[in-house]
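# Inside the fold
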Amino acid sequence: MKYLLGSFVLAAMVVAGSYTAFAAAEADPCKARVPADQVAAAKAEKNPYVGNAAAIAEGKEIFEGKGTCFTCHGMGGHGDGDAGKALDPTPRNFSNAKFYDCKTDGEMLWIIRNGSPGTAMIPAVSTGILTDDEAKKVQAYEKTFKGK
Ligand code: HEC
């Protein structure tokens, strides 16, 4: 009996171990990503397009078009796009409300401009994929996924 219980526990540990080894997860959204010397400036930056319906509509077109954001983040912003499935960490799930409690618009803009160091998140503005104005519109659109 003791032996049986022992092998059951061992089997459960093996299963749990392989699960954590093979299933990539979303990295903690609250962990700082902007470098320490730029974070104060990023937090202070406001995005004038947040809540602006016309800019949000343009942001949606960018997200689903030239920005290629949907390929990783998914059309619904859940971080489940085809190109994102194999990534580790996985793309941000923009519907996760917790994300908006710990990240400001300015910090998100910094990531869209420069990428998230050490991850597959593309530096969209510094590589010329988007203009800075387009980055602001797409960030305003991203916020509309909150809680969806
Ligand atoms: C090649 C896949 C890929 C594409 C394309 C992509 N992203 Fe990401 N994105 C990621 C990954 C992976 C993360 C998670 C990075 C992390 O955990 O630091 C991420 C994270 C983010 C974050 C959150 C950063 C934070 O502070 O946690 C924002 C904002 C973002 N992406 C916006 C965009 C926008 C806007 C586009 C389109 C212009 C885009 N992404 C295109 C893979 C991608």
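Thresholds, definitions, all that
- Residues numbered from 1 in each chain as written.
- Predicted model: local features only at pLDDT ≥ 70, side-chain atom pairs only at ≥ 80, totals over all residues.
- Heavy atoms only, no water.
- Disulfide = S-S within 2.5 Å.
- Helix = DSSP H or I, 4+ residues; strand = E, 2+ residues; numbered from the N terminus.
- Buried < 20%, exposed > 50% of the residue type's maximum accessible area, 1.4 Å probe, protein only.
- Donors = N, O, S within 2.8 Å, 3.2 Å for Na, K, Ca; no water.
- Tetrahedral: all angles 85-135°; square planar, octahedral: opposite > 155°, others 65-115°.
- Contact = heavy atoms within 4.5 Å.
- Near = heavy atom within 4 Å.
- Polar contact = N/O pair within 3.5 Å; in protein donor to acceptor, adjacent residues only side chain to side chain.
- Nonpolar A, V, L, I, M, F, W, Y, C, P; charged D, E, K, R; others polar.
- Axes fitted to C-alpha atoms, helices over the stretch in contact; angles between N-to-C directions.
- Parallel < 35°, antiparallel > 145°, perpendicular 65-115°, else oblique.
- Left-handed = near helix turned anticlockwise from the far one by under 90°.

A disulfide bridge is the covalent bond that connects two cysteines by way of their sulfur atoms. Enumeration according to the criterion identifies one disulfide in this entry. The disulfide partner of Cys-30 is Cys-102, and the gap between their sulfur atoms is 2.2 Å. Residues Cys-30 and Cys-102 share a disulfide whose torsion about the S-S bond is about -80°; that sign makes it left-handed. Of this pair, Cys-30 sits in the loop between helix H1 (2-22) and helix H2 (39-44) while Cys-102 sits in helix H5 (residues 97-102), and the two are 72 residues apart along the sequence. Classification of Cys-30 as partly exposed rests on a relative accessible area of 30%.

A few words now on the coordination of the iron atom of the ligand. Surrounding the iron atom of the ligand are the protein donor atoms His-73 (NE2) and Met-121 (SD), at 2.0 to 2.1 Å. Coordination geometry of the iron atom of the ligand: the six donor atoms subtend angles of 88 to 179° at the metal centre, consistent with an arrangement described as octahedral. With His-73 in helix H4 (residues 69-73) and Met-121 in the loop between helix H6 (105-114) and helix H7 (132-142), this residue pair connects regions lying 48 residues apart in the sequence.

Turning to unusual backbone geometry, a few remarks are in order. Note that the residue after Asp-88, namely Pro-89, is joined by a cis bond; omega there is 0°. You will see that Thr-68, though not glycine, has its phi angle at about 55°, which is positive.

Once that is clear, we can look at the environment of Ala-135. Along the chain, Ala-135 falls in helix H7. Linking Ala-135 and Ala-124, residues 11 residues apart in sequence, is a C-alpha distance of 7.8 Å. Ala-135 has contacts with Leu-109, Ile-112, Val-125 and Leu-130, leaving out every residue within four places of it along the chain.

Moving on, we get to the site of the ligand. The environment of the ligand is formed by 27 residues, the closest being Arg-33, Cys-69, Cys-72, His-73 and Met-121. The contact in question runs from a nitrogen atom of the ligand to an N or O atom on the side chain of His-73, over 2.8 Å. Side-chain polar atom of Ser-116 to an oxygen atom of the ligand: 2.6 Å apart, as the coordinates give it. For the shell around the ligand, the secondary structure elements donating two or more residues are H4, H6 and H7. In the shell around the ligand, the residues fall into 16 nonpolar, seven polar and four charged.

Among the 10 residues in H6, nine count as buried, and that is most of the element. Listed in full, the buried residues belonging to H6 are Asp-105, Gly-106, Glu-107, Met-108, Leu-109, Trp-110, Ile-111, Ile-112 and Arg-113. Lining the buried residues of H6 we find H2, H5 and H7. Of the residues one or two after H6, Gly-115 is the one with positive phi, at around 85°.

Looking now at the packing of H6 against H7. The contact between H6 and H7 brings their axes to 10 Å, and the two run at 125°. One finds that H6 runs oblique with respect to H7. Taken as a pair, H6 and H7 cross one another with a handedness that is right-handed. Contacts between H6 and H7 involve Asp-105, Met-108, Leu-109, Ile-112 and Arg-113 from the former and Asp-132, Ala-135, Lys-136, Val-138, Gln-139 and Glu-142 from the latter.

We now examine the environment of Ala-140. Inspection of the secondary structure puts Ala-140 in helix H7. Once residues within four sequence positions are removed from consideration, Ala-140 is found in contact with Asn-47, Tyr-49, Val-50 and Ile-56.

For H7, the tally of buried residues reaches nine of 11 residues, placing the bulk of the element in the interior. Among all positions of H7, only Glu-134, Ala-135, Lys-136, Lys-137, Val-138, Gln-139, Ala-140, Tyr-141 and Glu-142 are buried. In this structure, the buried side of H7 is in contact with helix H3 (53-64), H4, H5 and H6.

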